[in-house]
Structures are given as C-alpha cells and as structure tokens.
Amino acid sequence: MAKRGKSRGAGEIAGVIEVPAGTKPNGPIEGVYYIDTGDCELVADPDNSNGWLLKINGVMSSHIDVAEPLFLDFEYMRWIAALVESKWPPESRPKLRALHLGGGACSMARYFNAAYPDARQVVVELDGKLAEYVRGWFDLPKAPLLRIRVGEAREVTESLTPDTRDLIIRDVFAGALTPRALTTREFNEHAQKVLAPGGLYVVNSGDAPDLKNAREDAATIADTFAHTMIIADPAMLKGRRYGNMIMAGSHEPFGDDPQLARKLLGGAVPAHIWNDAQVRAFAVGAPVRHDPRPAA
C-alpha cells in the first residue's frame, strides 16, 4: 500500500460512480468512488490488460493483477515477499498467521494466500466502504483464509491475543508518513506481544532524502527487537531520493541467506540488505519515538 492522501473537496471530483446502498460492485469498473475517508479511483493499468491501479484521495495506493495473484507490481512489496519467503519457504506449506495493518486493495494478502495456501490472514482497513469495494472488485479469498477487519490499526493490534501471529506487516500511510501512533516504542511493544516466538515484524517506512523519519523508525524498531534488518535500493539508502525502506524486527537472528540477497539484486530495482549492525549504525543519534505523556 502506498501513500494515502488527504480527502479532496467534492468540487474536485468528476465522474463519480454511484453504487446503490446495500449492493456491492460485481468486478472492477474504472471510475471514482466515494468511500468513508474521501474517495478512491480505480484505473485500468495501461501496460497490463489484467491490471488495476487503486488511488485513494488522489494518491497511488495499490496494484492488482486479477489473473495472477503472485504478480506484485510495487517493488517494495516484492521485497517484503522475498523476506517472508526466505524465513518461511512456501514449499514447506507453513500455516502462516499474518496480520496486515493497512489494506488498500489487499495485494500483499492476496499474494500470500497464493504462496501459502494454508495461511490465515487478517487485513485491518480503516475505511469500511473501501473494504466493501475491494471485496466486490477483486476475487479475494473468503474467511477464514482472509478476513478484512474494519478498524483503526493500533486499536485492533492492542485487542489481539498475545502469541497469535507469525507475521505483522505495517503498511499504513496518511499523506507521506505513517501515523505516529503506529510508530512508537509502545506500539511496537504491542506488536511484539501479538507475535509468536520467532515472529517477524515488517514495516514499510517512507521518507524524503533527509532520512529523518527512516532513522527514527529504525531507532524505535531496534530499541524494541533484538534483531533488525533493512531492505532498500542504494539510492534510498544514500538519501538521494524519496522512497520506501522495508524494515524488519525479530527476536530471532535473520541469518545470512545468499539466495535472498541474489533475489533482491535481481529485481527491476535492485535492493541491498543492511544487517543488524548496519541498521543500528544508521539509527545512531535518532530519537526513539514514544507515545505522548498523559496530561498531568
């Protein structure tokens, strides 16, 4: 899921498709739709006859190939998939329990359903209307394989039973950044509790070339988890552009998987891996984020 922009005024929207109350769309239809948090736009991919792009409040959010769930158009999603598959090889048929914070078009959850047929996944999406549309547009697996839970990501995470997820992916944006409440040490502790032993916490951290946000994200994750990792392309790691870093935390060592490194280098946008020592060096001097102190 990419950035989620701010709601636009009604005067800025043209060609809105009205879906009658109590009904769901039957497959994807190009156009603009009102949702609970503003509007979304479904656009046919001009380069892929089976592809659809989803914009939320004017900002690109997701891509779906309706014919091939194992196709991920966004590079950062391919990095996440490579990392997860390195830890849990799909051929071993693990019963992966995954929590996705941030839904969009459910591209990542749809991918994991195809890669891990025995997986049980929950996608947390703030916008209930968007969740309805996505279910109607795309052939998403039904519960219990894939449940979409409408709610605020932190509230849902805090409500979950400890030790019940193997994988948590944080991919929530409001504008250019993740809401601060989902980036603090206290939230990371909640995520840590929900993870089973050996579980993996993965975040999509977006930032500008100054890398201030990424350093704070890295410092906070490193302060919570014993082992960390970053995956990103060299230009991003050197602070030469705006983009995404994939950060991960675990209480088990990530190890050195040469196959993962080769896979990341072989993509359309070659990516490098920073190990725990490199992540902690990158985060030196950056503050660990905390929740606001309660008013006295």
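Because the structure is a prediction, the values reported are computed rather than measured.

Definitions and limits used
Starting from 1, residues in each chain are numbered consecutively following that chain's sequence as written. Two thresholds apply to this predicted model, a pLDDT of at least 70 for residue-level local features and 80 or more for giving and counting side-chain atom pairs, whereas whole-chain, interface and lining totals are computed over all residues. With hydrogens and water excluded, all non-hydrogen atoms of the structure serve as input to the side-chain values. In summary, the pairing rule links any two rings of Phe, Tyr or Trp, Trp by its six-membered ring, whose centres are within 6.5 Å, and it sorts them by plane angle into stacked for under 30 degrees, edge-to-face for over 60 and tilted for everything else. Partly exposed residues are those whose accessible area sits between 20% and 50% of the maximum for their type, while under 20% is buried and over 50% is exposed, using a 1.4 Å probe and protein chains only. For the purposes of this entry, the term helix denotes a DSSP run of H or I that reaches at least four residues, the term strand denotes a run of E that reaches at least two, and both are numbered from the N terminus. Strands were regarded as paired on the criterion that DSSP finds at least two bridges between them. We call two residues in contact when some of their heavy atoms are within 4.5 Å. Only a pair of cysteine sulfur atoms within 2.5 Å counts as a disulfide in this structure description. Basic side-chain nitrogens of Lys or Arg form a salt bridge, by our definition, when they fall within 4 Å of a carboxyl oxygen of Asp or Glu. Directions drawn from the helix axis to the C-beta atoms are what define this arc.

Student: Got a minute to help me understand the packing of aromatic side chains in this structure?
Tutor: Any pair of aromatic rings gets described here by the distance separating the centres and the angle formed by the planes. In total, this model carries 9 aromatic pairs according to the counting rule given. Centre to centre, the rings of tryptophan 137 and phenylalanine 138 are 6.1 Å apart; their planes meet at 65°, and the pair counts as edge-to-face. For the pair formed by tryptophan 137 and phenylalanine 138, the shared burial category is buried. Connected via pairs of aromatic rings, a cluster forms that spans Tyr33, Tyr133, Trp137 and Phe138.

Student: Would you mind going over the pairing of strand β10 (residues 227-232) with me for this structure?
Tutor: Every other side chain in a regular strand lies on the same face of the sheet, so the side chains alternate between the two faces. In terms of residue burial, β10 counts as a mostly covered element, since 5 of its 6 residues are buried. Where β10 lies against strand β11 (residues 243-250), 5 bridges are found, and the strand directions are antiparallel. Each bridged residue has a counterpart across the sheet, and for isoleucine 230 the counterpart in β11 is methionine 247.

Student: Looking at this structure, I do not really get the side chain of arginine 170. What am I missing?
Tutor: With respect to the element layout, arginine 170 can be found in strand β8 (residues 165-170). When its relative accessible area of 1% is taken as the criterion, arginine 170 is described as buried. Filtering out sequence-adjacent residues up to four positions away, arginine 170 remains in contact with Leu101, Thr178, Leu182, Thr183, Tyr201, Val202, Val203, Asn204, Ser205 and Asp217.

Student: So what exactly am I meant to see when it comes to the state of the cysteines here?
Tutor: In protein chemistry, a disulfide is the covalent bond that joins the sulfur atoms of two cysteines. Summed over the entire model, instances satisfying the criterion amount to 0 disulfides. Cysteine cysteine 40 shares no disulfide, and the gap to the nearest cysteine sulfur, in cysteine 106, comes to 13 Å.

Student: Can you help me understand the pattern of salt bridges in this one?
Tutor: Between side chains of opposite charge, a pair can form when the charged atoms approach closely. Here the structure, examined in full by the defined rule, presents 16 salt bridges. Lysine 87 is the salt-bridge partner of glutamate 252, the closest N and O atoms lying 3.5 Å from each other. Taken as a pair, glutamate 252 in the loop between β11 and α8 (258-265) and lysine 87 in helix α1 (residues 75-87) lie far apart in primary sequence, 165 residues in all. As a salt-bridge pair, arginine 241 and aspartate 233 come within 2.3 Å of each other at their nearest N and O atoms. A relative accessible area of 4% places aspartate 233 in the buried class. Each of the salt bridges in this network shares a partner with another, and the network as a whole consists of Arg170, Lys212, Glu216, Asp217 and Arg289.

Student: How do you make sense of helix α9 (residues 276-283) when you look at a structure like this?
Tutor: For an α-helix, 3.6 residues make a turn, and residues three or four places apart therefore share a direction. Residues Val279, Phe282 and Ala283 constitute the buried set of α9. Buried residues along α9 cover an arc of 95° about the axis, so they all sit on one side. For α9, the exposed residues set more than 90 degrees away from the buried face come down to Ala277 and Ala281. Close packing links the buried residues of α9 with α6 (212-224), β10, β11 and β12 (272-274).

Function cannot be inferred from these measures alone, as they are strictly geometric.
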